[in-house]
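Here's the letter readout for the chains.
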Amino acid sequence: MAENGQEADIKAGRLDADDYVRNFSDAYPLLKKREAFVESERCYFCYDAPCVQACPTSIDIPQFIRQIATDNPDGSAKTIFEQNILGGMCARVCPTEQLCEELCVREVAEGKPVKIGQLQRYATDHYMAHKPQPFERSAPTGKTIAVVGAGPAGLSCAHRLASHGHDVVLFDAKEKPGGLNEYGIAAYKTTEDFAQAEVDFVLGIGGITIETGKALGRDVTLSQLRNDYDAVFLGAGLGGVNALGLAGEDADGVMDAVSYIEDLRQADELGALPVGRKIVVIGGGMTATDIANQTKRLGAQDVTIVYRRGQDRMNASDKEQKFAQTTGVTIRTYAAPKELVANGSVRAITFESMQDDNGKLVGTGETFTLEADMVFKAIGQTLHCADLGADFSDVELEHGRIRVDENRKTNLPDVWAGGDCISDGDDLTVVAVEDGKIAAENINSILKA
Amino acid sequence: MADLRSNFVGIKSPNPFWLASAPPTDKAYNVVRAFKAGWGGVVWKTLGEDPAIVNVNGPRYGATWSNDRRLIGLNNIELITDRPLDVNLREIKEVKRDWPDRAMVVSLMVPCEESNWINILKRVEDTDADGIELNFGCPHGMSERGMGAAVGQVPEYVEMVTRWCKQHTNMPVIVKLTPNISDIRTPARAANAGGADAVSLINTITSIMSVNLDTFAPEPTIDGKGTHGGYCGPAVKPIALNMVSKIATDPETAKLPISGIGGVTTWRDAVEYLALGCGNVQVCTAAMTYGFKIVEDMIDGLSDYMDEKGFTDVEEIVGKAVPNVTDWQYLNLNHITKAVIDQDSCIKCGRCHIACEDTSHQAITSMLDGERHYEVIDEECVGCNLCVVVCPVENCITMEEMTEGVDPRTSTPISDEYANWTTHVNNPSSPNFIPAKAIEPAE
């Protein structure tokens, strides 16, 4: 650092090749058949099951688990796909402990819920390994819908529209479809290129033309889409990253967590990815835990997540927090970033301790400094309207994101939206899937009216 | 410490746990291992005449499993011993000589001619075995040759062969009964009439375990074909208990000693058999599933149970439950119970509700003030116990007796008097019968 003249310690290849394989292999491997049988027997097949009510996509969970128990895994998968065509990815990334498994009566009764997520993966993996997506398209309607963003919301919407007989053109700014499934989720949650396999699975229904490398506001405009298509669905996610608002934020080594994760997900060789020896992550959500876990697994020596409130307030689930701590990540709470120390490259970051004063966060005046070769910002993403074209201003916003009604319809009569870019989103894959599904049903009913 | 020693029709053993005539008792090697493990006695696998029968060389067993692969029911198509008679007899003699305190009973099955039985009885006597068991139960393979269940299903044969055996040997004669018959009392009475010292039951139940859905053949499958086998294991215990109770409560056979067989897996199972009138129990499937070591807990558990209950001798348990076995017509119709759900232990799975709602009496709520809430509606509850059975939480739902007031379902005052069907007004055979037209309409 500037004070002691040392250079930042950032380098690739900190680990042996075997370590990378081990550190980035499937964190929760697929259940074996007998394991799935035994686990499925634990389900009580509840009446009016609370888990179903807790699932944003309303999957009939007792039914699909029973179908596993009766050795009907394909039927089980179809039960899942009927409500959630991305059931395979959701089985991997859903924070089930905050959704279905939290309300499982066995969680309430004994603290050991049925492993719904892992059973869902058992069924969907079994199905996807040997069969194409199971739905047939209705008779062609002659309508074509533009879907912007080939992430979970867009894929879900496109698939549902296609099943109703509509044609879909699916635009995505990136080279590959999949959105955050492809570029964002931690690597050990979706191994073996599952995101692309799932995109292929979804597109298997037919009627969906995919156009990658086409960004809204750059290659197409909203007005064009509205003009050329019968309806538009916006599922473009969030393009911007919140800034710390500190001096020196442009120093080398101060990075957006999402763009580093993107590089990591796309890296052909993890050993070629430079990573710091000492890492500080600022934030408390899944992105914070994901970047912390993954840099630690790339061989960083000290990784510290610093969050301004208590651990119970972190958006990252308990399970993710524990997973991080087991990985060797330190979580420090009640601390807000005050000052970046840099000599061209970041060398340290100073925090002020915070306290909760009747719900209001106030600084205590005490500070501490953590050495850092890399500082990752993981304090949320924003809708970057300026990038989306001049005519995007026709779309009404709320809290900085697109305002939609219960049908995921925007203020514009032919434009719907869903996923992270809408105002009431929970930023969860499963919620995005539901948004796409609801929008597609509404688009369909309006176009067929 | 309770005394577990058993004396069953004069056959002594250190405990009442015998291994049933089956694969575990086919050879000296197995039986010696069993005795070392602590088994009180064995019934040696059924001997027949030479030349020995042959077994299939494909699978002999099929099974029913729970999803966690617990064996619930076992079926077999194995026949009686397939070893030469003199080899078996020599081994029986040696083992009995080396283990004099253990019960050694020999199971027999020969054609229904008196001379055949005379011949084999003499040879068995020479081994110093403690007794014989007549295999009138085996439902497969042997029955097609006029033996096993083919005898057991004809009471006259049962009586005839039993009488021959009693005539021609002094060894105690136990007659093993087949359950593949409509009324178990009939062959039991026949055995009794023939002079049997005891009956043992049940032998296995005729069964096809499953059908392979790819080959469309019954399982176990031998070269594309399957046949019925004999079903045993935990799944058959309720059937066996009932049959045992029928014999224990039949005036004609009430004093006939019974050796209980059928799914005995734990000391608890054994005590149930004893309580329904069995002098001892025989075990097979549990040993074939877990090995001989299971007898340790059977002995220990029985001993602890007896100490806790103040029993000093196994005999004190025998028949304890028999006076409480009755016919439906004598059940007290004035005994009113209602299900009660303990809200503190309820996990709100709703199974009681849907079982009652879909299939029974619509007597359990599902909702209270917009919340999941399961509570019994006494006005509808008939006290059937289905909710207790389907509830995954033990003791969450209990059946509570109403001892006073009015049954809200029938608006009838609770009576502490015993009243049964024989005196009911709806029973045409009852002295209190009221013909239908005279009954006032409900409500």
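This text goes with the structure placed above it.
For the structure given in this document, a descriptive report is provided here. Just so it is clear, the model here is predicted, and its values are computed rather than measured. (Residues numbered from 1 in each chain as written. Chains lettered and ligands numbered in written order. Predicted model: local features only at pLDDT ≥ 70, side-chain atom pairs only at ≥ 80, totals over all residues. Heavy atoms only, no water.)

A closer look at the overall build of chain A
Then step 1. A count of helical and extended segments in chain A gives 17 helices and 19 strands.
Then step 2. Taken over C-alpha atoms, the radius of gyration comes to 23 Å for chain A, in line with the 22 Å a tight globule of 449 residues would show.
Then step 3. Overall, the C-alpha framework of chain A stretches about 70 × 55 × 50 Å when taken along its three principal axes.
Then step 4. For chain A, the exposed area adds up to about 18,900 Å²; of that, 44% sits on carbon and sulfur atoms.
Then step 5. Positive and negative side-chain charges of chain A, numbering 45 and 69 respectively, have mean locations separated by a distance of 4 Å. (Helix = DSSP H or I, 4+ residues; strand = E, 2+ residues; numbered from the N terminus. Rg over C-alpha atoms; globule rule 2.2 N^0.38 Å. Areas by Shrake-Rupley, 256 points an atom, 1.4 Å probe, with all protein chains shown as cover. Lys, Arg positive; Asp, Glu negative; His and termini not counted. Charge placed at Lys NZ, Arg CZ, Asp CG, Glu CD.)

A look at the state of the cysteines
Residues and elements named next belong to chain B.
Then step 1. On inspection of all chains with the given rule, the structure shows 0 disulfides over all chains.
Then step 2. Cysteine Cys-346 remains unbridged, with the sulfur of Cys-396 as its closest cysteine sulfur at 4.9 Å.
Then step 3. Given a relative accessible area of 14%, Cys-346 falls into the buried group. (Disulfide = S-S within 2.5 Å. Buried < 20%, exposed > 50% of the residue type's maximum accessible area, 1.4 Å probe, protein only.)

Regarding the nonpolar core
The tendency in soluble globular proteins is for nonpolar side chains to be buried side by side.
Then step 1. Trp-39, Trp-117, Val-175, Leu-201 and Leu-302 of chain B are the most contacted members of the largest nonpolar core, which totals 81 residues.
Then step 2. Sorting elements by how many residues they give to this core places helix H7 (residues 237-249) of chain B first, with 6 residues.
Then step 3. Every residue in contact with Leu-302 of chain B, bar those within four places of it in the chain, is listed here: Leu-4, Pro-16, Phe-17, Trp-267, Val-271, Leu-274, Asp-297, Val-314 and Ile-317 of chain B.
Then step 4. With 66 residues, the next largest nonpolar core counts Tyr-44, Leu-99, Val-114 and Ala-153 of chain A among its residues. (Core = buried A, V, L, I, M, F, W, Y, C linked by side-chain atoms within 4.5 Å. Contact = heavy atoms within 4.5 Å.)

Details of the side chain of Asn-427 of chain B
Residue and element names in this part refer to chain B.
Then step 1. Position of Asn-427 among the secondary structure elements: in the segment after strand E22 (412-413).
Then step 2. Judged by relative accessible area, which is 7%, Asn-427 ranks as buried.
Then step 3. Within the structure, Asn-427 has its side chain in polar contact with the backbone nitrogen of Ser-429 (distance 2.9 Å).
Then step 4. Setting aside its immediate chain neighbours within four residues, Asn-427 contacts Trp-421, Thr-422 and Phe-433. (Polar contact = N/O pair within 3.5 Å; in protein donor to acceptor, adjacent residues only side chain to side chain.)

With respect to the pattern of salt bridges
All names here are of chain B.
Then step 1. Applying the stated criterion across every chain, the model contains 47 salt bridges over all chains.
Then step 2. A salt bridge links Lys-45 to Glu-78; its shortest N-O distance comes to 2.8 Å. Taken together, the residues Lys-45 in strand E4 (residues 41-47) and Glu-78 in the loop between strand E6 (71-76) and helix H2 (85-98) connect sequence positions 33 residues apart.
Then step 3. Residue class for Lys-45 comes out buried when judged on its relative accessible area of 6%. (Salt bridge = Lys/Arg side-chain N within 4 Å of Asp/Glu carboxyl O.)

Brief notes about the packing of helix H14 (residues 257-266) of chain A against helix H15 (residues 286-297) of chain A
Residues and elements named next belong to chain A.
Then step 1. Their axes nearest at 10 Å, the elements H14 and H15 cross at an angle of 45 degrees. Viewed along their axes, H14 and H15 adopt a mutual orientation that is oblique. When you trace H14 past H15, the crossing you get is left-handed. In this structure, H14 contributes Ala-257, Val-258, Tyr-260, Ile-261 and Leu-264 to the contact, and H15 contributes Thr-287, Asp-290, Ile-291, Gln-294 and Thr-295. (Axes fitted to C-alpha atoms, helices over the stretch in contact; angles between N-to-C directions. Parallel < 35°, antiparallel > 145°, perpendicular 65-115°, else oblique. Left-handed = near helix turned anticlockwise from the far one by under 90°.)

What to know about the sheet that holds strand E11 (residues 330-332) of chain A
Residues and elements named next belong to chain A.
Then step 1. An order of E7-E15-E9-E10-E11 is seen for the 5 strands of this open sheet, with the pairing classed as parallel. Each edge of the open sheet is held by one strand with a lone partner, namely strand E7 (254-256) and E11. Averaged over all neighbouring strand pairs, the angle between strand axes comes to 25 degrees, with direction disregarded.
Then step 2. Across the sheet, H15 touches strand E9 (278-282), strand E10 (302-306) and strand E15 (374-377), and the angle it forms with E10 is around 175 degrees. (Pairing = 2+ DSSP bridges.)

Digging into unusual backbone geometry
Then step 1. For the bond running from Leu-201 of chain B to Ile-202 of chain B, omega is 10 degrees, close enough to zero to count as cis.
Then step 2. Along the chain, Ile-202 of chain B turns up in the loop between strand E10 (198-201) and strand E11 (205-207).
Then step 3. Positive phi values are uncommon outside glycine, yet Asn-358 of chain A reaches one of about 50 degrees.
Then step 4. Examined against the element boundaries, Asn-358 of chain A turns out to sit in the loop between strand E13 (346-357) and strand E14 (360-371).
Then step 5. Residue classification places Asn-358 of chain A among the exposed residues on the basis of a relative accessible area of 80%.
Then step 6. The backbone of Asp-128 of chain B sits at a positive phi, close to 70 degrees, despite the residue not being glycine.
Then step 7. Secondary-structure assignment places Asp-128 of chain B in the loop between helix H3 (114-125) and strand E8 (131-135).

Looking at helix H11 (residues 351-359) of chain B
Then step 1. Every buried residue of H11 of chain B is accounted for by Cys-352, His-353, Ala-355 and Cys-356 of chain B.
Then step 2. Against the buried residues of H11 of chain B lie strand E17 (336-341), helix H12 (386-390) and strand E20 (397-402) of chain B.

A short note on the pairing of E9 of chain A
It is a general feature of regular strands that their side chains alternate between the two faces of the sheet.
Residue and element names in this part refer to chain A.
Then step 1. Most of E9 is tucked away: 5 of the 5 residues are buried.
Then step 2. Burial along E9 is two-sided: Lys-278, Val-280 and Ile-282 and Ile-279 and Val-281, pointing in opposite directions, are all buried.
Then step 3. Pairing between E9 and E10: 5 bridges, direction parallel. Residue pairing in the sheet places Val-281 in a bridge with Ile-305 of E10.
Then step 4. Each parallel crossover has a hand, and for E9 linked through H15 to E10 it is right-handed.
Then step 5. By the bridge criterion, 4 bridges tie E9 to E15 in an arrangement that is parallel. By the bridge assignment, Val-280 is partnered in E15 with Val-375. (Right-handed = clockwise from strand over helix to strand, strands pointing away.)

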